[in-house]
Amino acid sequence: MRDLSETLLEWYDVHARQMPWRVGPVDRKAGSRPDPYVVWLSEVMLQQTTVAAVRDYHRKFLQIWPSVADLAAAEDADVMAAWAGLGYYARARNLLRCARAVVTDYNGVFPDTYEGLLELPGIGPYTAAAIAAIAFDRAETVVDGNVERVMARLYDIHTPLPAAKPELTRRARDLTPDTRPGDYAQAVMDLGATICTPRSPACGICPWRVPCQARITGTAPVLPKKTPKKKTPTRFGFVYAARRADGAWLLETRPDSGLLGGMLGWPGSDWTDDPEPAAPVVADWQQLDAEARHTFTHFHLRLKIMWARVPQGAAPDRGAFVAADRFSPSSLPTAMRKVYDLLPATLREN
Ligand code: SF4
(Lines give C-alpha, C1' and ligand atoms only; values in the text may rest on other atoms or scores of the structure.)
Protein backbone atom coordinates (compact mmCIF):
# COMPACT_ATOMS: atom_id res chain seq x y z
CA MET A 1 0.00 0.00 0.00
CA ARG A 2 2.95 2.27 0.69
CA ASP A 3 3.62 2.47 -3.06
CA LEU A 4 0.24 4.03 -3.74
CA SER A 5 0.73 6.82 -1.22
CA GLU A 6 4.26 7.50 -2.42
CA THR A 7 3.10 7.70 -6.02
CA LEU A 8 0.39 10.14 -5.07
CA LEU A 9 2.74 12.30 -3.00
CA GLU A 10 5.13 12.55 -5.95
CA TRP A 11 2.23 13.74 -8.08
CA TYR A 12 1.17 16.22 -5.37
CA ASP A 13 4.70 17.64 -5.19
CA VAL A 14 4.21 18.85 -8.76
CA HIS A 15 0.47 19.43 -9.05
CA ALA A 16 -0.75 20.64 -5.62
CA ARG A 17 -3.48 23.24 -5.94
CA GLN A 18 -2.61 26.63 -4.54
CA MET A 19 -5.03 27.72 -1.88
CA PRO A 20 -4.76 30.74 0.40
CA TRP A 21 -4.95 28.59 3.53
CA ARG A 22 -2.54 25.93 2.30
CA VAL A 23 1.20 25.55 2.90
CA GLY A 24 2.33 23.82 -0.30
CA PRO A 25 4.62 20.78 -0.42
CA VAL A 26 7.78 22.77 -1.14
CA ASP A 27 7.30 25.07 1.85
CA ARG A 28 6.30 22.15 4.05
CA LYS A 29 9.50 20.34 3.19
CA ALA A 30 11.34 23.53 4.13
CA GLY A 31 9.75 23.32 7.57
CA SER A 32 6.76 25.68 7.23
CA ARG A 33 3.57 24.64 8.99
CA PRO A 34 0.14 26.21 8.50
CA ASP A 35 -1.44 28.30 11.25
CA PRO A 36 -4.08 26.01 12.86
CA TYR A 37 -6.46 28.98 13.08
CA VAL A 38 -6.22 29.51 9.32
CA VAL A 39 -6.74 25.79 8.63
CA TRP A 40 -9.66 25.53 11.05
CA LEU A 41 -11.35 28.57 9.53
CA SER A 42 -11.01 27.11 6.03
CA GLU A 43 -12.30 23.69 7.06
CA VAL A 44 -15.39 25.11 8.78
CA MET A 45 -16.12 27.31 5.77
CA LEU A 46 -15.55 24.44 3.33
CA GLN A 47 -18.15 22.21 5.02
CA GLN A 48 -20.95 22.11 2.42
CA THR A 49 -19.35 24.88 0.32
CA THR A 50 -16.98 24.98 -2.65
CA VAL A 51 -13.41 26.25 -2.63
CA ALA A 52 -14.37 29.02 -5.09
CA ALA A 53 -17.14 30.29 -2.81
CA VAL A 54 -14.95 30.19 0.29
CA ARG A 55 -11.87 32.12 -0.93
CA ASP A 56 -13.24 35.66 -0.49
CA TYR A 57 -14.90 34.91 2.82
CA HIS A 58 -11.74 33.34 4.19
CA ARG A 59 -9.70 36.38 3.17
CA LYS A 60 -12.27 38.77 4.65
CA PHE A 61 -12.41 36.92 7.98
CA LEU A 62 -8.61 36.92 8.30
CA GLN A 63 -8.46 40.62 7.50
CA ILE A 64 -11.04 41.49 10.15
CA TRP A 65 -10.05 38.86 12.73
CA PRO A 66 -6.40 37.83 12.13
CA SER A 67 -6.22 35.52 15.15
CA VAL A 68 -8.49 33.22 17.11
CA ALA A 69 -8.37 35.71 20.00
CA ASP A 70 -9.63 38.48 17.68
CA LEU A 71 -12.48 36.30 16.50
CA ALA A 72 -13.37 35.21 20.04
CA ALA A 73 -13.68 38.88 21.02
CA ALA A 74 -15.92 39.77 18.04
CA GLU A 75 -19.55 40.81 18.36
CA ASP A 76 -21.91 38.00 17.35
CA ALA A 77 -23.82 40.29 14.96
CA ASP A 78 -20.60 41.32 13.15
CA VAL A 79 -19.60 37.68 12.58
CA MET A 80 -23.08 36.70 11.40
CA ALA A 81 -23.12 39.68 9.00
CA ALA A 82 -19.66 38.78 7.63
CA TRP A 83 -20.84 35.19 7.12
CA ALA A 84 -24.03 36.25 5.28
CA GLY A 85 -24.28 34.56 1.88
CA LEU A 86 -22.09 31.58 2.79
CA GLY A 87 -25.09 29.55 4.02
CA TYR A 88 -25.50 26.89 6.70
CA TYR A 89 -25.51 29.54 9.39
CA ALA A 90 -25.19 27.12 12.29
CA ARG A 91 -21.55 26.97 11.22
CA ALA A 92 -21.07 30.67 11.95
CA ARG A 93 -22.54 30.33 15.43
CA ASN A 94 -20.35 27.28 16.09
CA LEU A 95 -17.35 29.16 14.73
CA LEU A 96 -17.76 31.76 17.45
CA ARG A 97 -18.41 29.19 20.16
CA CYS A 98 -15.31 27.29 19.10
CA ALA A 99 -13.08 30.40 18.97
CA ARG A 100 -14.24 31.38 22.46
CA ALA A 101 -13.66 27.84 23.78
CA VAL A 102 -10.11 27.83 22.36
CA VAL A 103 -9.36 31.15 24.04
CA THR A 104 -11.09 30.39 27.34
CA ASP A 105 -10.33 26.70 27.83
CA TYR A 106 -7.11 26.19 25.82
CA ASN A 107 -5.27 29.46 26.39
CA GLY A 108 -5.75 30.45 22.75
CA VAL A 109 -3.96 27.36 21.38
CA PHE A 110 -5.80 24.75 19.30
CA PRO A 111 -5.44 21.14 20.55
CA ASP A 112 -3.10 19.26 18.22
CA THR A 113 -4.73 15.80 18.17
CA TYR A 114 -7.88 14.35 16.60
CA GLU A 115 -9.34 13.55 20.03
CA GLY A 116 -8.53 16.99 21.41
CA LEU A 117 -10.03 18.79 18.43
CA LEU A 118 -13.18 16.68 18.67
CA GLU A 119 -13.84 18.21 22.09
CA LEU A 120 -14.36 21.66 20.55
CA PRO A 121 -17.83 22.97 19.61
CA GLY A 122 -18.74 22.56 15.96
CA ILE A 123 -15.85 20.19 15.17
CA GLY A 124 -17.06 16.75 14.08
CA PRO A 125 -15.02 13.70 13.06
CA TYR A 126 -14.34 14.95 9.51
CA THR A 127 -13.15 18.41 10.53
CA ALA A 128 -11.10 17.06 13.46
CA ALA A 129 -9.32 14.64 11.13
CA ALA A 130 -8.72 17.34 8.52
CA ILE A 131 -7.24 19.83 11.00
CA ALA A 132 -5.17 17.15 12.77
CA ALA A 133 -3.72 15.99 9.45
CA ILE A 134 -3.28 19.33 7.67
CA ALA A 135 -2.29 21.59 10.57
CA PHE A 136 -0.46 19.09 12.78
CA ASP A 137 0.69 16.37 10.36
CA ARG A 138 -1.09 13.63 12.30
CA ALA A 139 -1.72 10.37 10.42
CA GLU A 140 -5.50 10.86 10.40
CA THR A 141 -7.69 9.79 7.48
CA VAL A 142 -9.78 12.52 5.93
CA VAL A 143 -12.75 11.25 3.93
CA ASP A 144 -14.83 13.76 2.00
CA GLY A 145 -16.87 13.27 -1.17
CA ASN A 146 -13.75 13.50 -3.32
CA VAL A 147 -11.97 10.81 -1.33
CA GLU A 148 -15.03 8.52 -1.38
CA ARG A 149 -15.20 8.80 -5.16
CA VAL A 150 -11.50 8.06 -5.61
CA MET A 151 -11.63 5.03 -3.26
CA ALA A 152 -14.77 3.63 -4.93
CA ARG A 153 -12.99 3.79 -8.28
CA LEU A 154 -9.55 2.68 -7.18
CA TYR A 155 -11.07 -0.51 -5.70
CA ASP A 156 -14.08 -0.76 -8.05
CA ILE A 157 -16.58 -0.76 -5.18
CA HIS A 158 -20.19 -0.94 -6.38
CA THR A 159 -22.02 -0.79 -3.04
CA PRO A 160 -24.04 2.44 -3.19
CA LEU A 161 -23.44 5.36 -0.84
CA PRO A 162 -24.14 5.88 1.98
CA ALA A 163 -23.94 2.12 2.73
CA ALA A 164 -20.44 2.04 1.21
CA LYS A 165 -19.03 4.65 3.60
CA PRO A 166 -17.45 2.26 6.13
CA GLU A 167 -15.69 0.29 3.41
CA LEU A 168 -14.49 3.41 1.61
CA THR A 169 -13.23 4.85 4.90
CA ARG A 170 -11.39 1.62 5.70
CA ARG A 171 -9.75 1.64 2.29
CA ALA A 172 -8.73 5.26 2.70
CA ARG A 173 -7.34 4.54 6.18
CA ASP A 174 -5.27 1.62 4.89
CA LEU A 175 -3.59 3.96 2.42
CA THR A 176 -2.83 6.80 4.87
CA PRO A 177 0.95 6.96 5.33
CA ASP A 178 2.85 7.83 8.51
CA THR A 179 5.16 10.12 6.58
CA ARG A 180 3.71 13.39 5.28
CA PRO A 181 0.11 12.54 6.26
CA GLY A 182 -0.90 16.20 5.99
CA ASP A 183 0.30 16.45 2.40
CA TYR A 184 -1.23 13.05 1.63
CA ALA A 185 -4.69 14.08 2.93
CA GLN A 186 -4.64 17.12 0.68
CA ALA A 187 -3.24 15.12 -2.24
CA VAL A 188 -6.20 12.67 -2.30
CA MET A 189 -8.63 15.59 -2.15
CA ASP A 190 -6.79 17.33 -4.97
CA LEU A 191 -6.82 14.16 -7.06
CA GLY A 192 -10.60 13.90 -6.63
CA ALA A 193 -11.16 17.58 -7.34
CA THR A 194 -8.94 17.92 -10.40
CA ILE A 195 -8.37 14.49 -12.04
CA CYS A 196 -10.81 11.91 -10.70
CA THR A 197 -13.77 14.24 -11.21
CA PRO A 198 -17.40 13.06 -10.98
CA ARG A 199 -18.35 12.98 -14.67
CA SER A 200 -15.22 12.66 -16.74
CA PRO A 201 -12.20 11.34 -14.85
CA ALA A 202 -8.93 12.10 -16.62
CA CYS A 203 -7.54 8.60 -16.18
CA GLY A 204 -4.84 9.16 -18.82
CA ILE A 205 -2.96 11.61 -16.59
CA CYS A 206 -3.84 10.04 -13.22
CA PRO A 207 -0.95 8.94 -10.98
CA TRP A 208 -3.04 5.90 -9.95
CA ARG A 209 -4.06 4.85 -13.47
CA VAL A 210 -2.08 1.59 -13.37
CA PRO A 211 -3.51 0.10 -10.15
CA CYS A 212 -7.00 1.63 -10.57
CA GLN A 213 -9.57 -1.19 -10.83
CA ALA A 214 -12.39 0.94 -12.22
CA ARG A 215 -10.16 2.22 -15.01
CA ILE A 216 -9.34 -1.38 -15.93
CA THR A 217 -12.99 -2.49 -15.91
CA GLY A 218 -14.30 0.74 -17.47
CA THR A 219 -16.70 1.49 -14.62
CA ALA A 220 -15.17 4.76 -13.39
CA PRO A 221 -17.86 7.09 -14.81
CA VAL A 222 -20.67 5.29 -12.92
CA LEU A 223 -18.86 5.18 -9.56
CA PRO A 224 -19.52 5.82 -6.77
CA LYS A 225 -23.08 4.49 -6.93
CA LYS A 226 -25.62 6.30 -4.83
CA THR A 227 -28.93 5.27 -3.29
CA PRO A 228 -31.54 7.48 -5.01
CA LYS A 229 -32.59 10.45 -2.92
CA LYS A 230 -36.16 11.00 -1.85
CA LYS A 231 -37.89 13.87 -3.61
CA THR A 232 -37.14 17.17 -1.87
CA PRO A 233 -40.30 18.61 -0.26
CA THR A 234 -41.44 22.22 -0.66
CA ARG A 235 -42.45 24.49 2.22
CA PHE A 236 -44.18 27.82 2.02
CA GLY A 237 -44.13 31.00 4.09
CA PHE A 238 -44.95 34.71 4.26
CA VAL A 239 -42.38 37.46 4.77
CA TYR A 240 -43.15 41.08 5.58
CA ALA A 241 -40.99 43.97 4.43
CA ALA A 242 -42.06 47.17 6.14
CA ARG A 243 -40.44 50.55 5.63
CA ARG A 244 -41.07 53.34 8.09
CA ALA A 245 -41.59 56.98 7.10
CA ASP A 246 -37.97 57.85 8.05
CA GLY A 247 -36.65 55.05 5.80
CA ALA A 248 -35.95 52.50 8.56
CA TRP A 249 -36.61 48.81 7.76
CA LEU A 250 -38.41 46.39 10.06
CA LEU A 251 -36.10 43.41 10.62
CA GLU A 252 -35.69 40.70 13.21
CA THR A 253 -32.85 38.53 14.37
CA ARG A 254 -34.00 34.97 13.94
CA PRO A 255 -33.93 32.66 16.99
CA ASP A 256 -30.54 30.99 17.51
CA SER A 257 -31.96 27.52 17.02
CA GLY A 258 -33.34 26.54 13.64
CA LEU A 259 -32.64 27.57 10.08
CA LEU A 260 -30.87 30.87 9.53
CA GLY A 261 -30.57 31.00 13.35
CA GLY A 262 -29.01 34.20 14.62
CA MET A 263 -29.22 35.85 11.21
CA LEU A 264 -31.00 39.07 10.37
CA GLY A 265 -34.19 38.61 8.34
CA TRP A 266 -37.65 39.84 7.52
CA PRO A 267 -40.34 38.98 10.07
CA GLY A 268 -42.62 36.29 8.72
CA SER A 269 -44.71 33.20 9.25
CA ASP A 270 -43.57 29.68 10.03
CA TRP A 271 -42.44 27.68 6.99
CA THR A 272 -44.92 24.85 6.53
CA ASP A 273 -47.15 23.19 3.91
CA ASP A 274 -49.90 25.70 4.54
CA PRO A 275 -48.68 28.70 6.58
CA GLU A 276 -50.89 31.25 8.31
CA PRO A 277 -50.22 34.91 7.49
CA ALA A 278 -48.37 36.52 10.41
CA ALA A 279 -48.04 40.27 9.86
CA PRO A 280 -45.71 41.83 12.47
CA VAL A 281 -47.48 45.20 12.42
CA VAL A 282 -50.82 46.62 11.31
CA ALA A 283 -50.38 48.06 7.82
CA ASP A 284 -51.86 48.22 4.36
CA TRP A 285 -49.90 45.17 3.14
CA GLN A 286 -49.44 44.64 -0.60
CA GLN A 287 -48.52 41.23 -2.00
CA LEU A 288 -45.90 40.96 -4.74
CA ASP A 289 -46.67 38.74 -7.71
CA ALA A 290 -43.20 37.24 -7.54
CA GLU A 291 -42.17 34.77 -4.83
CA ALA A 292 -38.71 34.35 -3.35
CA ARG A 293 -37.50 30.81 -3.88
CA HIS A 294 -34.60 29.22 -2.11
CA THR A 295 -33.39 25.67 -1.63
CA PHE A 296 -32.03 24.47 1.70
CA THR A 297 -30.48 21.04 2.22
CA HIS A 298 -33.75 19.25 2.95
CA PHE A 299 -36.45 21.35 1.33
CA HIS A 300 -37.35 24.03 -1.18
CA LEU A 301 -38.78 27.23 0.26
CA ARG A 302 -41.25 29.54 -1.46
CA LEU A 303 -41.90 32.84 0.25
CA LYS A 304 -44.87 35.11 -0.49
CA ILE A 305 -43.65 38.66 -0.13
CA MET A 306 -45.81 41.30 1.56
CA TRP A 307 -44.63 44.89 1.69
CA ALA A 308 -45.93 48.12 3.17
CA ARG A 309 -44.99 51.65 4.13
CA VAL A 310 -45.74 52.31 7.78
CA PRO A 311 -45.98 55.58 9.74
CA GLN A 312 -43.29 56.81 12.12
CA GLY A 313 -45.25 55.71 15.17
CA ALA A 314 -45.80 52.11 13.95
CA ALA A 315 -45.52 49.61 16.82
CA PRO A 316 -44.57 46.13 15.56
CA ASP A 317 -45.20 43.13 17.80
CA ARG A 318 -41.83 41.67 16.86
CA GLY A 319 -38.60 42.75 15.21
CA ALA A 320 -37.10 46.23 15.39
CA PHE A 321 -36.64 49.10 12.96
CA VAL A 322 -33.12 49.44 11.59
CA ALA A 323 -32.16 52.90 10.31
CA ALA A 324 -31.59 53.05 6.56
CA ASP A 325 -27.93 54.05 6.96
CA ARG A 326 -27.30 51.06 9.26
CA PHE A 327 -28.95 48.52 6.96
CA SER A 328 -26.86 46.64 4.44
CA PRO A 329 -28.59 44.08 2.19
CA SER A 330 -25.31 42.14 2.05
CA SER A 331 -25.68 41.28 5.74
CA LEU A 332 -28.84 39.28 4.97
CA PRO A 333 -28.63 35.51 4.39
CA THR A 334 -29.27 34.57 0.77
CA ALA A 335 -32.94 33.58 1.18
CA MET A 336 -33.70 36.96 2.78
CA ARG A 337 -31.53 38.82 0.31
CA LYS A 338 -33.64 37.36 -2.51
CA VAL A 339 -36.71 38.92 -0.87
CA TYR A 340 -35.00 42.31 -0.74
CA ASP A 341 -33.99 42.09 -4.40
CA LEU A 342 -37.61 41.45 -5.42
CA LEU A 343 -39.07 44.41 -3.50
CA PRO A 344 -40.35 47.30 -5.63
CA ALA A 345 -37.54 49.69 -6.53
CA THR A 346 -39.60 52.59 -5.19
CA LEU A 347 -39.66 50.95 -1.76
CA ARG A 348 -35.97 50.06 -1.77
CA GLU A 349 -34.72 53.40 -2.97
CA ASN A 350 -36.50 55.88 -0.74
S1 SF4 B 1 -7.46 6.08 -12.98
FE2 SF4 B 1 -9.27 7.28 -13.41
S3 SF4 B 1 -10.89 6.42 -12.15
FE4 SF4 B 1 -8.95 5.65 -11.36
S5 SF4 B 1 -8.40 7.04 -9.71
FE6 SF4 B 1 -7.42 7.80 -11.56
S7 SF4 B 1 -8.85 9.28 -12.48
FE8 SF4 B 1 -9.95 8.05 -10.95
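Residues numbered from 1 in each chain as written. Predicted model: local features only at pLDDT ≥ 70, side-chain atom pairs only at ≥ 80, totals over all residues. Heavy atoms only, no water.

## Let's talk about the site of the ligand
Right, so step 1: If you check the shell around the ligand, you find Arg153, Ile195, Cys196, Pro201, Cys203, Cys206, Arg209, Cys212, Arg215 and Ala220 and nothing else.
Right, so step 2: The residue makeup of the shell around the ligand, split by class, is 7 nonpolar, no polar and 3 charged. (Near = heavy atom within 4 Å. Nonpolar A, V, L, I, M, F, W, Y, C, P; charged D, E, K, R; others polar.)

## Focus: the pattern of salt bridges
Right, so step 1: Within this structure, the stated rule accounts for 19 salt bridges.
Right, so step 2: Residue arginine 318 is joined to aspartate 317 by a salt bridge in which the shortest nitrogen-to-oxygen separation is 3.4 Å.
Right, so step 3: Since its relative accessible area comes to 24%, arginine 318 is described here as partly exposed.
Right, so step 4: Arginine 337 serves as the salt-bridge partner of aspartate 341, at 3.1 Å between the closest nitrogen and oxygen. Placement of both aspartate 341 and arginine 337 in helix H14 (residues 334-342) is noted, with a separation of 4 residues, approximately one turn of the helix.
Right, so step 5: For aspartate 341, a relative accessible area of 39% gives the class partly exposed.
Right, so step 6: For arginine 337, a relative accessible area of 31% gives the class partly exposed. (Salt bridge = Lys/Arg side-chain N within 4 Å of Asp/Glu carboxyl O. Buried < 20%, exposed > 50% of the residue type's maximum accessible area, 1.4 Å probe, protein only. Helix = DSSP H or I, 4+ residues; strand = E, 2+ residues; numbered from the N terminus.)

## Comments concerning the packing of helix H4 (residues 51-64) against helix H6 (residues 76-83)
Right, so step 1: Where H4 meets H6, the closest approach of the two axes is 10 Å, and the angle between their N-to-C directions is 155 degrees. Relative to H6, the element H4 lies roughly antiparallel. For the element pair H4 and H6, the recorded crossing hand is right-handed. Contacts from Tyr57, Lys60 and Phe61 in H4 reach Val79, Ala82 and Trp83 in H6.
Right, so step 2: For the contact of H4 with H6, the class distribution of residues is 5 nonpolar, no polar and 1 charged. (Axes fitted to C-alpha atoms, helices over the stretch in contact; angles between N-to-C directions. Parallel < 35°, antiparallel > 145°, perpendicular 65-115°, else oblique. Left-handed = near helix turned anticlockwise from the far one by under 90°. Contact = heavy atoms within 4.5 Å.)

## Some remarks on the nonpolar core
Right, so step 1: Membership of the largest hydrophobic core comes to 101 residues, with the highest contact counts inside it found for Trp40, Phe61, Met151, Trp208 and Trp266.
Right, so step 2: Residue contributions to this core peak at 8 residues, all from helix H9 (residues 125-136).
Right, so step 3: Tyr240, Ala242, Val281 and Met306 belong to the second-largest nonpolar core, a separate cluster that totals 12 residues. (Core = buried A, V, L, I, M, F, W, Y, C linked by side-chain atoms within 4.5 Å.)

## A look at the packing of helix H3 (residues 36-46) against H9
Right, so step 1: Between H3 and H9, the least distance of the axes is 10 Å, while the angle of their chain directions is 145 degrees. With respect to the hand of their crossing, H3 and H9 are arranged in right-handed fashion. Mapping the contact onto sequence places Pro36, Val39, Trp40 and Glu43 in H3 and Tyr126, Thr127, Ala130, Ile131, Ile134, Ala135 and Phe136 in H9.
Right, so step 2: Taken together, the residues of the contact of H3 with H9 break down into 9 nonpolar, 1 polar and 1 charged.

## Describing H14
Right, so step 1: Within the sequence span of H14, burial applies to Ala335, Met336, Val339 and Tyr340. For H14, the buried positions fall inside an angular range of 145 degrees around the axis, keeping them on one side.
Right, so step 2: Looking at the buried residues of H14, the elements they touch are strand S1 (234-244), strand S2 (249-253), strand S3 (264-265), strand S4 (286-295), strand S5 (300-310) and helix H15 (345-349). (Arc of directions from axis to C-beta.)

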